[in-house]
Amino acid sequence: MATITVTVNGKPHTNDVEPRTLLVHYLREQLNLTGTHIGCDTSQCGACVVHLNGQSVKSCTVLAIQCHGAEVTTIEGLAPQGQMHALQEGFWEKHGLQCGFCTPGMIMAAADLLERNPNPTDDEIRHGLEGNLCRCTGYENIVRAVRYAAEKMAVPAGD
Amino acid sequence: MIPSAFSYHAPTSVAEALSLLQQHGDEAKILAGGHSLLPAMKLRLASPGVLIDINQIAELRGVVINGNVNIGALTTWSAIETDGELASVCPALAEAVALIGDIQVRNRGTIGGSLAHADPAADAPAVMLALNAQIRVTGPGGTRTIAADDFFTDMLSTALEPDELITSITLNKLGAGEGSAYSKFAHPASRYAIVGVAAYVKLSGGKVSACRIGVTGAGPKAVRQTAVEQALIGSDGSAEAIAAAAAHAGEEMDILGDIHASEGYRRAMTKVYVKRALTSAVARAR
Ligand SMILES: Cc1cc2nc3c(=O)[nH]c(=O)nc-3n(C[C@H](O)[C@H](O)[C@H](O)COP(=O)(O)OP(=O)(O)OC[C@H]3O[C@@H](n4cnc5c(N)ncnc54)[C@H](O)[C@@H]3O)c2cc1C
Ligand code: FES
Ligand code: FES
């Protein structure tokens, strides 16, 4: 066991973890943040995407112990309690989900994409979400949802 | 799935990492980006008893460009991809790296980890062969440099000793009359190369005076294409010359067949992608 302190969604947490504990299991089982999903055993589906020190990562392929001292943002921390991030609103408005299993990872990956490229083309959205698999939507409405969020975020606050 | 139990060390210097490697011997594995090792550990294809996480060793990270290009082993794909100066002096590398996996893989995966792992479908090995990379490694006996040509020995096997660490990779900057390119047929789900081809050409007085080609994905390890290179050198680099040279692609190598692509198909695609990579490398050299 090792003791780690990780700032998750702005709040520091100190916990004992086994070195083999994956970040996703730490978030889901020790912090009860079950918004981050596990969709595969092969690091390919992206259901587990969170932000680690501002970069999107697959939390199933990072050890929790490697996050000692780091900042992690999960889907629960993307917007203040009771509010929706433009991406969450976009997925709602544009019907960007069906079963919703892929959605938290999709939104976290899309948030990283919009951070790097605030006005992506549809091609850039598809390329930016390559690491996220969806078995339901056919992706079309996911692209629309991300475009909706990009447009909404481009409008200066107060307008 | 959860890896089997291991003890974890996070050294902050190369010397400390080497002494941990010595101390734990066969039981120990280096952890860099973890995007080949952790998936294998989750599937219990690998169960090291000790992990030596090198992510705290700052000197292993970063790109320095002066007379040539020096890339620290721990530099992530993302850092390489977003380095504009690196892209202008090593276009084939920038092109290959942008096609690796997805952004989350590129945010964690490192160039040193990819070379040490030597996955037969990894992209970087082909680029290292084409660009004549020099791989710096350090171990208990000191530091040595291994040319890319001598580095990849077999499937998942390299000239690296178990107690050695890759510290950096040195590449030449492209000069006037030189061009390089990477062309890849990616597996649609994993994005690893079914066939990936890196090409380097130099033109002098309107003729191809040097050429190096590395192919990955097609066989058990990344290899040069000397028959193609020899056929192209001395030619004018025209479309006809490239087509004639590319017809030799895959000649002196083992080609793999699997559920994703048969041996015959991979062989045919090797010719196609050698032609594409050469065409864009020659266009850039002009
Ligand atoms: C979904 C997915 C898709 C991918 N797609 C691609 C792709 O399209 N193309 C591609 O090329 N790769 C792909 N990869 C692999 C990815 O690029 C890996 O990150 C890379 O191959 C290994 O680098 P790493 O830093 O993650 O190494 P790790 O997984 O940490 O280590 C790999 C091996 O190298 C050893 N090692 C690491 N660093 C050193 C060092 N400095 N010195 C000595 N030994 C060392 C380790 O002990 C281990 O044996 C993909 C991976 C995933 C999960
Ligand atoms: S759970 Fe599938 S990529 Fe992490
Ligand atoms: S909405 Fe069901 S997997 Fe994407």
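Each chain has its residues counted from 1, running along the sequence as written. Each chain takes a letter, starting from A, and each ligand takes a number, starting from 1, following the order in which they are written. Confidence filtering applies because this is a predicted model: local features only for residues at pLDDT of at least 70, side-chain atom pairs given and counted only at 80 or more, and all residues used for totals across whole chains, interfaces and linings. Note that water and hydrogens are dropped before the side-chain values are worked out from all heavy atoms of the structure.

(A) Structural detail: the sheet that holds strand 2 (residues 28-31) of chain B. Residues and elements named next belong to chain B. Whether two strands pair depends on DSSP finding at least two bridges between them. Elements are defined by DSSP. Helices are runs of H or I of four residues or more, strands are runs of E of two residues or more, and each kind is numbered from the N terminus. Spatially, three strands are ordered 1-3-2 in an open sheet, and the strand pairing comes out parallel. Whereas interior strands pair on both sides, the edge strands pair on one side only; in this sheet they are strand 1 (7-9) and strand 2. Pairs of neighbouring strands in the sheet enclose a mean axial angle of 25°, with direction left out of account. In this structure, strand 2 lies alongside strand 3 (residues 50-53), joined through four bridges in parallel fashion. Along strand 3, the bridge assignment pairs Lys29 with Leu51. Across the sheet, helix 1 (residues 14-24) lies against strand 1, strand 2 and strand 3, angled at about 170° from strand 3, the strand it touches most. Axis geometry follows a simple rule: fit a line to the C-alpha atoms, using only the stretch in contact for helices, then measure angles between N-to-C directions, giving values from 0 to 180 degrees. Two residues qualify as a contact provided that any one of their heavy atoms is within 4.5 Å of a heavy atom in the partner residue.

(B) Just the domain arrangement of chain A, in detail. Residues and elements named next belong to chain A. Assigned domains within chain A: domain 1 (2-77) and domain 2 (86-154). By convention here, the domain bounds are inherited from an automatic or database domain assignment. Summarising the inter-unit geometry, the C-alpha centres of domain 1 and domain 2 are found 21 Å apart. With 17 residues of domain 1 in contact, the opposing surface of domain 2 contributes 13 residues. Between domain 1 and domain 2 lies a buried interface of about 1,100 Å² when both sides are counted; carbon and sulfur atoms form 61% of it. Defined here as a combined quantity, buried area equals the accessible surface (1.4 Å probe) lost by two parts on assembly, summed across both. For domain 1, the biggest contributors to the area lost against domain 2 are His37, His51 and Ile75; these three give 41% of the whole. When a carboxyl oxygen of Asp or Glu lies within 4 Å of a side-chain nitrogen of Lys or Arg, that pair is called a salt bridge. Counting every contact that joins domain 1 to domain 2 gives zero salt bridges. N or O atoms within 3.5 Å of each other form a polar contact, as long as, within protein, one can give a hydrogen and the other can take it, and as long as residues adjacent in sequence are counted only when both atoms are side-chain atoms. For the pair domain 1 and domain 2, the interface holds six residue pairs in polar contact (both at pLDDT 80 or more).

(C) Structural detail: helix 1 of chain B. Residues and elements named next belong to chain B. Those residues of helix 1 that sit buried are Val14, Ala17, Leu18, Leu20 and Leu21. Relative to the axis of helix 1, the buried residues are bounded by an arc of 160° and lie together on one face. Along helix 1, the residues that are exposed and aim more than 90 degrees away from the buried face are Ala15 and Gln23. Where helix 1 is buried, its residues meet strand 1, strand 2, strand 3, strand 6 (134-139) and strand 10 (165-171). Just past helix 1, the residue Gly25 takes up positive phi, approximately 55°. Any residue under 20% of the maximum accessible area for its type is buried, any over 50% is exposed, and the rest in between are partly exposed; the area is computed with a 1.4 Å probe on protein chains only. Of all possible arcs, the one meant is that of the directions from the helix axis to the C-beta atoms.

(D) The arrangement of the interface of chain A and chain B in detail. At the junction of the two partners, chain A supplies 29 residues and chain B supplies 32 residues. Here chain A meets chain B over a buried area of about 2,400 Å², counting both sides, of which 56% is carbon and sulfur. Ranking the residues of chain A by area buried against chain B places A:Arg20, A:Asp41 and A:Gln66 at the top, with a combined share of 25%. Joining chain A to chain B, the criterion identifies two salt bridges. The partner of B:Arg191 in a salt bridge is A:Glu130, and the shortest N-O contact between them spans 3.8 Å. The interface formed by chain A and chain B contains seven residue pairs in polar contact (both at pLDDT 80 or more). Elements that contribute at least two residues to the side of chain A that touches chain B include exactly strand 3 (49-52), strand 4 (55-58), helix 3 (103-116) and helix 4 (122-128) of chain A.

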